[in-house]
Amino acid sequence: MIHARSVSGLLLLSTLITGPVLAQKRPRADSDYERPQAPAPPSLPATLLQELVAIRDAALTDDYAYRQVAHLTENIGPRPVGSPQAQAAIDYVAGEMRKLGLDVRLEPVQARHWIRGAESAELVEYPGQVAGSTQKIVLTALGGNHPTSPEGITADVVVANSFADLGRLGRQNVAGKIVLFNVAFDKRKADNGYAGEAYEEAVAYRALGARQAAELGAAASLVRSVGGANYRLPHTGGSRAADIPAGAVTSEDADLIADLASQGKVRMHIILASQTAEEVSTFNVVGDLKGSEHPEQVVIVSGHLDSWDLGTGAIDDAAGVAVALEAAELMQQLHLRPKRTLRVIAWIDEENLGRGHLEYAKVHAAEIGQHVAAIESDLGASHPLGFRAKISPEAAARLQPVLEVLRPSGANLLLLSSDTPEADLDPLAKQGVPVLGLLQDGRTYFNYHHTAADTLDKIVPLELRENAAAMAVMGYALASMPDPLPR
Ligand SMILES: [Zn+2]
């Protein structure tokens, strides 16, 4: 999830919208009992509301999405862009869309295929070292990184606690060394509902650290894993191209190295022998359920099909693709035909350079004005709380009756954000398309994110059904409301 938007380091400015009084300022506590007259609540046609309830109820008893995630993860497996598994997943999803009666296209995308190689590390010199011993370090290469030679490199380690800290250390302390960015993921934020924000703060070092270290002549760059659980699992992820090797050590190993480095000289040997990325042809999978009245108007429901290679990409993001597929499956099952085109997209290359969504925006440039809204699910498959959206307050008001349909399953929050909620929706949002990201309970997502533990067992079937309900209800509402959502 959320890779491209992450590098800004900007905090998300969110506004909590919970009731019908939307654009108005809530009065201070002392006048709470004299609230201004609420405007008449927006309403939807009774038939549409009945259809939304039917979709919700059908989703909550439907195991379609779970079967899709199971196939993508257990039968196909990890899906790094350009891999045979990614292609198998593309073919599979296209086949599923055809079975659902969608008009399916494979839209070509050029992406970079990077293959993980041997990776290992050990401390070979450190304060208090016992004669004849070394200390194993658990690490993994970051995607797209520059490899070491097969023999690896040995260099002194320098620890930086921030970019500013790196700047203070300067070239004289950094050149020729292995830099470790030791910035912890803030679990308390995640535990309190700000998992995305905690991720944003830490992930800047994974995305940009190697490049900054390289500018000061570093031999390699390591980052403390960006993740919420300490099971000594390294979390991989994308790193902006830098001409030095880049990896992630576990949080436990980051603590060990930082502790030893505070006492004296630490020297480390690392092997990160990946294969340099090559350009390959791959595809976004795009399937249209054509609208009855306004087929030219498009509402996107989506997830991303590529995944990292360490796990099987269940929560990131087979779940997102599966619930998007299920939105179409439910409409077919219930014989509902939206007024506008419901477009299911399985994006490719979200985890690397985002070439899938960039290419989509290019190829569909002429129709972006007819894109009414776009939804993506890319924060896992835990219980959904609602949506994070970059939409106008007026649009938020229009969605209140839809959120009421989702209230019984708890997915009725609408947080307005000034930032795009999901990376794949960014080019659309920049052109004014209203975009929504499913907002899941993110407390455990980053425990497994980009690790070997992102596997099918992390998905609770009931919670996945709740996600499918939220995606399908919102997708159908956006595609069938009397007027398109205002921009
Ligand atoms: Zn993702």
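The following paragraphs examine the structure supplied in this document. (Residues numbered from 1 in each chain as written. Predicted model: local features only at pLDDT ≥ 70, side-chain atom pairs only at ≥ 80, totals over all residues. Heavy atoms only, no water.)

### Here we look at the nonpolar core
- The biggest cluster of nonpolar side chains holds 93 residues, and the ones touching the most others in it are Val 93, Phe 387, Leu 399, Leu 414 and Leu 478.
- Ranked by residues supplied to this core, first place goes to helix α8 (residues 314–333) with 13 residues.
- When residues are assigned to domains, this core turns out to be shared by domain 1 (46–113 + 278–480) and domain 2 (117–273), each giving three or more.
- Setting aside its immediate chain neighbours within four residues, Leu 399 contacts Ile 391, Leu 414, Leu 436, Met 474, Leu 478, Met 481 and Leu 485.
- If you look at the next biggest cluster of nonpolar residues, it comprises 23 residues, including Leu 123, Leu 222, Ile 257 and Val 266. (Core = buried A, V, L, I, M, F, W, Y, C linked by side-chain atoms within 4.5 Å. Buried < 20%, exposed > 50% of the residue type's maximum accessible area, 1.4 Å probe, protein only. Helix = DSSP H or I, 4+ residues; strand = E, 2+ residues; numbered from the N terminus. Domains from an automatic or database assignment. Contact = heavy atoms within 4.5 Å.)

### Quick notes on the packing of aromatic side chains
- Scanning all chains against the criterion turns up 7 aromatic pairs.
- Where Phe 163 meets Tyr 205, the ring centres are 4.2 Å apart and the plane angle is 25°; that geometry is what we call stacked. Of this pair, Phe 163 sits in helix α4 (residues 163–174) while Tyr 205 sits in helix α6 (residues 195–215), placing them 42 residues apart in sequence.
- Exposure remark for Phe 163: the relative accessible area of 21% places this residue in the partly exposed category.
- Assessed through its relative accessible area of 12%, Tyr 205 is described here as buried.
- Here the aromatic rings of Tyr 445 and Phe 446 are separated by 4.9 Å at their centres, their planes lie at 80°, and the arrangement is edge-to-face.
- With relative accessibility at 3%, the residue Tyr 445 sits in the buried group.
- Members of the aromatic cluster, each reached through a chain of ring pairs, are Phe 185, Tyr 199, Tyr 445 and Phe 446. (Phe/Tyr/Trp six-rings, centres within 6.5 Å; stacked < 30°, edge-to-face > 60°.)

### Concerning empty space enclosed by the protein
- Enumeration over the complete set of coordinates arrives at 4 cavities of 30 Å³ or more.
- By volume, the second largest cavity is sized at about 50 Å³.
- Looking at the second largest cavity, the residues that line it are Ser 307, Trp 308, Gly 311, Gly 313, Asp 316, Glu 351, His 450, Thr 451 and Asp 454.
- Across the lining of the second largest cavity, the residue classes tally to 1 nonpolar, 5 polar and 3 charged. (1 Å grid on protein atoms, 1.4 Å probe; cavity = no way out; pocket = protein on both sides within 12 Å on 5 of 7 lines; lining within 4 Å. Points joined across faces, edges and corners; volume = space filled by probe spheres on them. Nonpolar A, V, L, I, M, F, W, Y, C, P; charged D, E, K, R; others polar.)

### Structural notes on the pattern of salt bridges
- Tallied over the entire structure, the rule returns 29 salt bridges.
- Note that Arg 116 and Asp 309 form a salt bridge whose closest N and O atoms lie 2.6 Å from each other. Here Asp 309 lies in the loop between β10 (294–304) and α8 and Arg 116 lies in strand β2 (residues 103–125), a separation of 193 residues in the sequence.
- Under the relative-accessibility criterion, Arg 116 is labelled buried at 17%.
- Members of the salt-bridge network, linked through shared partners, are Arg 105, Glu 107, Asp 288, Arg 343 and Glu 367. (Salt bridge = Lys/Arg side-chain N within 4 Å of Asp/Glu carboxyl O.)

### Observations regarding the packing of α4 against α6
- Direction vectors running N to C along α4 and α6 enclose 30°, while the axes themselves pass 10 Å from each other. In terms of orientation, α4 and α6 fall into the roughly parallel class. The two elements α4 and α6 cross, and the hand of that crossing is right-handed. Across the interface between the two elements, Phe 163, Leu 166, Arg 171 and Val 174 of α4 pack against Ala 204, Tyr 205, Leu 208, Gly 209, Gln 212, Ala 213 and Glu 215 of α6.
- Here the residues of the contact of α4 with α6 sort into 7 nonpolar, 2 polar and 2 charged. (Axes fitted to C-alpha atoms, helices over the stretch in contact; angles between N-to-C directions. Parallel < 35°, antiparallel > 145°, perpendicular 65-115°, else oblique. Left-handed = near helix turned anticlockwise from the far one by under 90°.)

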